[in-house]
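Given next are the chains, with one letter for each unit.
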Amino acid sequence: MQRNLLIVYHSQSGRAETMARAVADGARDPLVENVDIRFLRAASAGPDDLLWAHGLLLGTPENFGYMSGAMKDFFDRTFYPVEGRIQSLPYALFVSAGNDGSGAARAVQRIANGYPLKEVQAPIIARGDVTQAVIAQCRELGLTLAAGLEAGVY
Ligand SMILES: Cc1cc2nc3c(=O)[nH]c(=O)nc-3n(C[C@H](O)[C@H](O)[C@H](O)COP(=O)(O)O)c2cc1C
């Protein structure tokens, strides 16, 4: 089944971007043949991208106990234009934080419920530098979502 996967992230100092690139690497695994990927910074993503997508991966730093302003802006700009036009889009989240990350995850999860997006895997929350272990987790997340979309399991 041909499926579309949208990856939307924001990153200020590069950690969430490193995670996003690992997620995209995983989603591009040669095992997955029928999934097209859009890889966009939050500021460049809009309602048409959400309407195109069959699955969504979101990445944000935690700023002041919340998602980044750019990720919030993505939600602000897209909520009404897609309201009633997407049905339970499968999604998963990755967060880069200094020492916490739970506030950003909670905030995204609460907003995501309203779209509605359906969380298909618990968020990856990375604290501090992005380690090889985090990169491996992110790759696996990308592969899991892409393979799941292709197989029609969501
Ligand atoms: C303005 C600002 C606010 C932050 N607030 C938090 C916070 O509330 N909790 C936390 O764990 N880290 C916080 N951090 C640290 C970042 O989440 C962390 O450095 C993250 O890895 C940055 O991701 P990035 O490199 O993708 O921008 C904050 C950083 C900045 C710049």
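Above this text sits the structure in question.
Just so you know, these numbers come straight off a predicted model, no measurement behind them. (Residues numbered from 1 in each chain as written. Predicted model: local features only at pLDDT ≥ 70, side-chain atom pairs only at ≥ 80, totals over all residues. Heavy atoms only, no water.)

Can you explain the layout of surface pockets? Please cite residues and give values.
Estimates place the volume of the largest pocket at around 160 Å³. In terms of lining residues, the largest pocket is bounded by Ser11, Gln12, Ser13, Gly14, Arg15, Ala16, Pro61, Glu62, Asn63, Ser96, Ala97 and Gly98. Those elements that place two or more of their residues in the lining of the largest pocket are helix H1 (15–27), strand E3 (55–63) and strand E5 (89–97). Considering each element in turn, the lining of the largest pocket owes the most residues, three residues, to E3. Taken together, the residues that form the lining of the largest pocket break down as three nonpolar, seven polar and two charged. (1 Å grid on protein atoms, 1.4 Å probe; cavity = no way out; pocket = protein on both sides within 12 Å on 5 of 7 lines; lining within 4 Å. Points joined across faces, edges and corners; volume = space filled by probe spheres on them. Helix = DSSP H or I, 4+ residues; strand = E, 2+ residues; numbered from the N terminus. Nonpolar A, V, L, I, M, F, W, Y, C, P; charged D, E, K, R; others polar.)

Could you give an account of the nonpolar core, naming the residues involved and the relevant values?
If you look at the biggest cluster of nonpolar residues, it comprises 26 residues, and the most contacted ones within it are Val8, Leu56, Leu58, Phe74 and Leu117. Breaking this core down by element, the ones donating at least two residues are strand E1 (3–9), E3, helix H3 (69–82), E5 and helix H4 (102–114). If one sorts the elements of this core by residue count, H4 sits on top with five residues. Those residues in contact with Phe74 that lie beyond four places of it in its chain are Val8, Ala42, Ala45, Gly46, Leu50, Leu58 and Tyr115. Counting residues in each nonpolar core, the second largest holds 24 residues, with Leu5, Val23, Ala24 and Phe94 among its members. (Core = buried A, V, L, I, M, F, W, Y, C linked by side-chain atoms within 4.5 Å. Buried < 20%, exposed > 50% of the residue type's maximum accessible area, 1.4 Å probe, protein only. Contact = heavy atoms within 4.5 Å.)

Can you explain the site of the ligand? Please cite residues and give values.
Close contacts around the ligand come from 17 residues, with Ser11, Ser13, Glu62, Gly65 and Ser96 the closest. Contacts to the ligand include Arg15, whose backbone N or O atom sits 2.8 Å from an oxygen atom. In the environment of the ligand, a nitrogen atom lies 2.8 Å from a nitrogen or oxygen atom belonging to the backbone of Phe64. Out of a free accessible area of 640 Å², the ligand has 76% covered by protein chains. Those elements that place two or more of their residues in the shell around the ligand are H1, E3 and E5. Per element, the largest residue contribution to the shell around the ligand is three residues, and it comes from E3. The residue inventory of the shell around the ligand, partitioned by class, reads four nonpolar, ten polar and three charged. (Near = heavy atom within 4 Å. Polar contact = N/O pair within 3.5 Å; in protein donor to acceptor, adjacent residues only side chain to side chain. Areas by Shrake-Rupley, 256 points an atom, 1.4 Å probe, with all protein chains shown as cover.)

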